[in-house]
Amino acid sequence: MKKTILAYVLCLALCGCGGNTSAQIEQSGLDTASIPHNTQTIKELLSENVWNYDEDSLTFGNDLILSDQGENFAAICEASESAGIDTKRFKRGAKQTMLASVRLLNSDMSDAGTAYFAFNKQDILCGYYMYNNVCQSLASKYPFEYASPFKRAEDKTVQRTFSKTEQSPPFEQVGDIYGGDTAVLSGSSLVFYSEGKNGLKRRDIIDFEDDLMPASVSLGDKYSAVLLDSYEIADTPSGDYEVNEDGPDIVNQKSEKIVFIDSEGSRAAPDIPLELSIYSSVSLLKDGSVAAARNTAVDVFKRGENGWEKAERLSTDTAVVQLRVTDIDGDGTEEYIVSDGVNIYVYTKQDRLKTAWRTKFGVSAVKDFFVADLNGDGAKEIYVNDSNGFVTRYVLGARGFDVYGGGISGGENAYYAAGDINGDGVGEYLVVSEENMNIFK
């Protein structure tokens, strides 16, 4: 890491958040021996909270910090403590302080604000970041995108202990977990697993026609909704289809219908024939309706006396790759959570979808996501899997979702799948890799 040592005044007032603090420029006396240690501390804090940053922008300097009881000083303390930094010495003041700043980046390398840190020798005194002249906790990522309409915030004091069971071989692709069932998409089949004596045991396998493939599944109390696509396999000039490490090349994929499967594996309701383009994802609503995403719209189907009818078309801000509809904050109203393969969007619904919150990754990072309440506090979390086997946990905060607890490493090409695995009404999760699968409950 390139470290630029700069003797300058980095008073907290420069950030618009430091009260009346001031100091003289110091041309010498910088404790250069502490810089490697403090650099590592900064690096670990940013890594724990899943921040990209410009390494070349990291600067160190001297300043005098005085204790202040003002609103701005209190905001710095609150933001630092939220990120797990003890601010007792900071509140008492320090005669000589090393200050550092570094530019934060979104995944597309756009500006995400500037992080500031204060040290007394090798002891960190405070750490926070500024965006749009607002002081933020390093543990609070992108809370400024939209005002939060949610009724409940995550209770971070509620902790839960999980026991681990290792099981192999791993699943191919987990579609949904709900009510004691785990649905796995496997080629032209849908496989249901339920809890057995030594882990998950295959309960049922639903084979569809050879030219139909389950593209998405949503589990419900009465039945499961399965989105079926038709497809063709690309031919080579010799007439043989092409196969790569991910399987044969599939072309001319098209959504055909949504079918409904009960707990016995039988058809439970009339099919919904699909005539428009390609649908990407399906989700059951608590009133029995079905939401199906296609491009920048979500079609909601309601069942009437004459079968299923399209009741409404809801517009989204982006092309939807995956959709999950669930009540995140426990207020009785469902939210629509979607991914476009790049970001996560959370919508509330009245007569239309209204964006409540979104991420700002800026790159094709989202492989999959699940929504579950794993600590049992009544507020659900969003677990976002990226294409590198890294998981980020988003929890409800006072102003939207925050990153909490940093990233979750599941190993190379691993991902999380969360939901009620054993049917006890409490969330559990899977960590699936190429080598094995661990069940945490």
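Just above, that's the structure.
So, a few notes on the structure that sits alongside this text. (Residues numbered from 1 in each chain as written. Predicted model: local features only at pLDDT ≥ 70, side-chain atom pairs only at ≥ 80, totals over all residues. Heavy atoms only, no water.)

1. As for the pairing of strand β28 (residues 381–386)
- Counting buried residues in β28 gives six out of six residues, a clear majority hidden from the surface.
- What you see with β28 is no split at all: Glu 381, Tyr 383 and Asn 385 on one side and Ile 382, Val 384 and Asp 386 on the other are buried throughout.
- Judged from the four bridges that link them, β28 and strand β29 (residues 390–397) form a sheet pairing that is antiparallel. Note on β29: the bridge partner recorded for Val 384 is Thr 392.
- Taking the residues between adjacent antiparallel strands as the criterion, β28 and β29 are bridged by three residues, where Gly 389 takes a positive phi near 75°. (Buried < 20%, exposed > 50% of the residue type's maximum accessible area, 1.4 Å probe, protein only. Helix = DSSP H or I, 4+ residues; strand = E, 2+ residues; numbered from the N terminus. Pairing = 2+ DSSP bridges.)

2. Quick word on the sheet that holds strand β24 (residues 335–339)
- A sheet is described by the order of its strands in space; here four strands give the open sequence β23-β24-β25-β26, paired in antiparallel fashion. Each edge of the open sheet carries a strand with a single partner, namely β23 (322–326) and β26 (353–358). The average undirected angle you get between the axes of adjacent strands in this sheet is 25°.
- Two strands pair when backbone bridges link them, and strand β25 (residues 344–349) and β26 are joined in this way by five bridges, in the antiparallel orientation. Note that in β26 the partner of Tyr 345 across the bridge is Arg 358. (Axes fitted to C-alpha atoms, helices over the stretch in contact; angles between N-to-C directions.)

3. So, the pairing of β23
- Counting buried residues along β23, five of its five residues qualify, which places the element largely inside the surrounding structure.
- Across the two faces of β23 the burial is the same, with Gln 322, Arg 324 and Thr 326 and Leu 323 and Val 325 all buried.
- In the sheet, β23 pairs with β24 via five bridges, with the strands oriented antiparallel. The residue bridging Val 325 from the neighbouring strand is Tyr 336, located in β24.

4. A few points about the pattern of salt bridges
- The final tally for this structure, using the stated rule, is 14 salt bridges.
- Measuring nitrogen to oxygen at the nearest pair gives 3.7 Å for the salt bridge that ties Arg 160 to Glu 428. Placement of the pair is Arg 160 in the loop between β7 (134–136) and β8 (164–167) and Glu 428 in strand β32 (residues 428–432), with a sequence separation of 268 residues.
- Overall, the relative accessible area of 25% leaves Arg 160 in the partly exposed class. (Salt bridge = Lys/Arg side-chain N within 4 Å of Asp/Glu carboxyl O.)

5. Overview of the sheet that holds strand β9 (residues 173–178)
- Spatial strand order, β9-β10-β11-β12: four strands in an open sheet with antiparallel pairing. A single partner strand is all that each edge strand has here, and the edge strands are β9 and β12 (199–207). Each strand axis lies, on average, 25° off the axis of its neighbour in the sheet, ignoring direction.
- By the bridge criterion, five bridges tie β9 to strand β10 (residues 181–186) in an arrangement that is antiparallel. Residue pairing across strands places Gln 173 opposite Leu 185, the latter belonging to β10.

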